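# Geometric and topological summary
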Amino acid sequence: MTYITIRDVAQRAGISVSTVSRALNNNGRISLNTKAKVERAVAELGYIPDSRAQAMRSSRTKTVGLLVPDIRNAYFAELAYTVQDSLFDAGYCAFIGTSSESAARQDSFLASILSQRIDGAIIVPQGEVTEALEKLIEQHLPLMFMDRHVEPQSGGLENVPVVDSDPTNGICDALKDIKRHGFLSVGYISGPIVASPSLQEREQVFRNVASKMFGENNVFVESTGFDQSSCVNVVNRMRNSGVKALIVGYSPDALRVMNVMAREGLVIGKDMSLISFDDVEVFRLATPHISVISQQVQIIGRTSAELFLDMLENNSEVKSHRVETVYIPRESLGNA
């Protein structure tokens, strides 16, 4: 691919490079005739100004690093889209990367954006302190965590604002609905909690609330890993324990549970009632429709972008913000 340079524009217009530069940047006295020549040459050649060169002359690049764990995950896809859309409306572009739930890949992306001129970063961290995160803090760039936080919060990380969801209301309302439907026990698949403080919090909230409602002996909890290919063993252990109502704290696991039940001829809402975190489209299209605990992903995305822009443009001290989860009952919760 041949790139058109400012020298090509100057040659086409028959004027000097410095004159073209002044015309493009509205800098200095340029006659209307000369400016017209430059604009005509730009249009004919399809010249695109070098944003890196512009950044060297400006304190802003209008570019923000945006990192999510997995763009294939419908929840994170919608989160990234919402943030990107909000930034675009404010005149910013998002440089999007995915960590694939890997701290090493996260750090590779962070090293990449640190080598370029960006105005700041909004990231869904991997839940642990890494060298690249510490370097990002040292650069004093505007930084925001979204959906997850990092443990331990030290070395400057404690000052990074976090926009995430509070699982309490959604879990409480879901458990109350399970109780109303006559279930005497309840199960919970917490997901890959080892690498996620947010998933750890969800499990702890579930344990606390469910134990009070159903009694500790009637509460069953299992965890999984990010790379788990099947939930067969987990579902079977739940069924063998007499569990017929199940809450899943990590939506990809809920999809696996649905697949396992379909393969084994189990009917959702009859043989096993199911509630999942995250109101992703597939749960609204499934038969039966899946009850969910919504993190209100669009609110998280818009709030993250708004607070980040306030930090960036107004140098404001932004505080962390939590969005209340909302339980949405559907047909996947049947009667005991």
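Located above this text is the structure these notes cover.
Residues numbered from 1 in each chain as written. Predicted model: local features only at pLDDT ≥ 70, side-chain atom pairs only at ≥ 80, totals over all residues. Heavy atoms only, no water.

### What about the side chain of T303?
Its place among the elements puts T303 in helix α13 (residues 297-314). If we ignore the near neighbours within four places in the chain, the residues touching T303 are V163 and H321. (Helix = DSSP H or I, 4+ residues; strand = E, 2+ residues; numbered from the N terminus. Contact = heavy atoms within 4.5 Å.)

### What to know about the pairing of strand β9 (residues 273-277)
Within β9, 5 of the 5 residues are buried, leaving the element largely enclosed by the surrounding structure. Alternating residues of β9 divide into S273, I275 and F277 and L274 and S276, and every residue in both groups is buried. Note that the unit made of strand β8 (residues 245-248), helix α11 (residues 251-263) and β9 has a crossover that is right-handed. Pairing of β9 with strand β10 (residues 291-294), which is carried by 3 bridges, proceeds in the parallel orientation. Among the inter-strand pairings, S276 is bridged to a residue of β10, identified as V292. (Buried < 20%, exposed > 50% of the residue type's maximum accessible area, 1.4 Å probe, protein only. Right-handed = clockwise from strand over helix to strand, strands pointing away. Pairing = 2+ DSSP bridges.)

### Side note on helix α9 (residues 197-214)
Taking 1.5 Å as the rise per residue, α9 with 18 residues should run 26 Å; its terminal C-alpha atoms sit 25 Å apart, in good agreement. Along α9, the positions that sit buried rather than exposed are P197, S198, L199, R202, E203, V205, F206, V209, A210 and F214. Considering only its buried residues, α9 is in contact with α8 (168-180), β6 (186-189), β7 (219-222), β8 and β9. One or two residues past the end of α9 sits G215, with phi positive at roughly 90 degrees. (Expected span 1.5 Å × (residues − 1).)

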